Amino acid sequence: MIRIAIIEDNEAYRKSLQSLFGKESDLEVAYADMYCENLLLTIDIIQPDVVIMDINLPGMNGIECVQKLRIKQPDLNIFMLTVFEDMERIFDSIKAGAVGYMLKKDPPDQITDAVRKVYKGESVMNGKIARQVLEFFNKQLKKTVSSYASDFNLSNRENEVLHLLMDGLSYKQIAANCNVTLDTISSHIRSIYSKLNIHSRSELAAKLR
């Protein structure tokens with residue numbers, strides 16, 4: 001039986017979650033409240049397997065509570081269940097120690113599935129949120145690549161090739177994309193590797209992390 005603690009200030013939604021989980025033979029709501037402070041006081045007694053946390057709450061907010069819970073129980077499985085879709089709250093939640101981020105509008109079966117997944121040690125994320133996170137990291141990577149082009153005096157063509165390398169294209173695909181020969185691309189890549197003091201694509205990926 002997976003023991004669940006729910007922190008949600010909307011009473012109707014909190015009760016709907018309790019009803020939802022109560023219909024599942026392997027799920028049990030061990031605790032439900034609207035105040036983070038109360039959970040922090042009783043977490044060692046309750047010993048839930050999974051904590052479902054809202055963000056906007058009376059008193060302490062959910063993100064701050066995740067940080068404090070992580071100090072008390074570093075291995076606790078916590079995922080956010082909220083209405084917020086902005087990147088700031090998503091990343092603040094993940095940095096605080098949440099292992100997932102779901103939205104209240106997600107289908108009930110996805111929420112019950114999320115409980116089981118985090119219990120097994122997996123991370124969970126609403127599909128739209130996951131795409132936003134990936135797009136954010138892709139933008140950050142491109143900024144890093146552009147910064148390297150400037151810092152290491154890469155030519156415009158080398159900068160173009162570097163971006164295509166980081167997009168995962170093969171040498172042949174890069175040559176076709178740039179409308180040049182494979183030998184020319186190989187020459188550009190040797191120059192890039194020399195300027196960045198690396199020897200392989202794996203080293204390039206590691207350097208740009």
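Residues numbered from 1 in each chain as written. Predicted model: local features only at pLDDT ≥ 70, side-chain atom pairs only at ≥ 80, totals over all residues. Heavy atoms only, no water.

Enquirer: Just checking my understanding: could you explain helix α3 (residues 62–72) for this structure?
Expert: Residue pairs three or four apart in sequence face the same way in an α-helix, which turns once every 3.6 residues. For α3, the set of buried residues is G62, I63, C65, V66, L69 and R70. The buried side chains of α3 occupy one side of the element, clustering within an arc of 155 degrees when seen end-on. With a side-chain oxygen positioned 3.0 Å from the backbone nitrogen of I63, the residue opening α3 is N61. (Buried < 20%, exposed > 50% of the residue type's maximum accessible area, 1.4 Å probe, protein only. Helix = DSSP H or I, 4+ residues; strand = E, 2+ residues; numbered from the N terminus. Arc of directions from axis to C-beta. Polar contact = N/O pair within 3.5 Å; in protein donor to acceptor, adjacent residues only side chain to side chain.)

Enquirer: For this particular structure, what's the right way to read the sheet that holds strand β1 (residues 2–7)?
Expert: Note: strands within a sheet are paired through backbone hydrogen bonds, in either parallel or antiparallel orientation. Read from one edge of the open sheet, six strands run β2-β1-β3-β4-β5-β6, paired in parallel fashion. Taken across any chain shown, the strands that pair with only one partner, and hence form the sheet edges, are β2 (27–33) and β6 (124–125). In this sheet, strand β5 (residues 100–103) lies alongside strand β4 (residues 77–82) in parallel orientation, the contact comprising four bridges. Following the sheet pairing, T82 is matched in β5 by L103. (Pairing = 2+ DSSP bridges.)

Enquirer: Even after reading the chapter, I still don't get helix α4 (residues 87–96), so can you show me in this structure?
Expert: Three or more residues of α4 are buried, namely I90, F91, S93 and A96. One or two positions beyond α4, positive phi appears at G97, with a value near 125 degrees.

Enquirer: Explain the state of the cysteines here, please?
Expert: Here, the word disulfide means a covalent bond between the sulfur atoms of two cysteines. Per the counting criterion, the structure on display carries zero disulfides. Here C36 is not disulfide-linked; the sulfur of C65 is the nearest cysteine sulfur, at 3.6 Å. Since its relative accessible area comes to 0%, C36 is described here as buried. With a relative accessible area of 0%, C65 lands in the buried category. (Disulfide = S-S within 2.5 Å.)

Enquirer: Explain the side chain of N77 here, please?
Expert: Looking at the secondary structure, you find N77 in strand β4. N77 gets classed as buried once you look at its relative accessible area, which sits at 16%. Separated by 3.2 Å, the side chain of N77 and the backbone oxygen of D49 make a polar contact. With residues up to four places along the chain from it excluded, the contact list for N77 reads D49, V50, V51, V99, V118 and Y119. (Contact = heavy atoms within 4.5 Å.)

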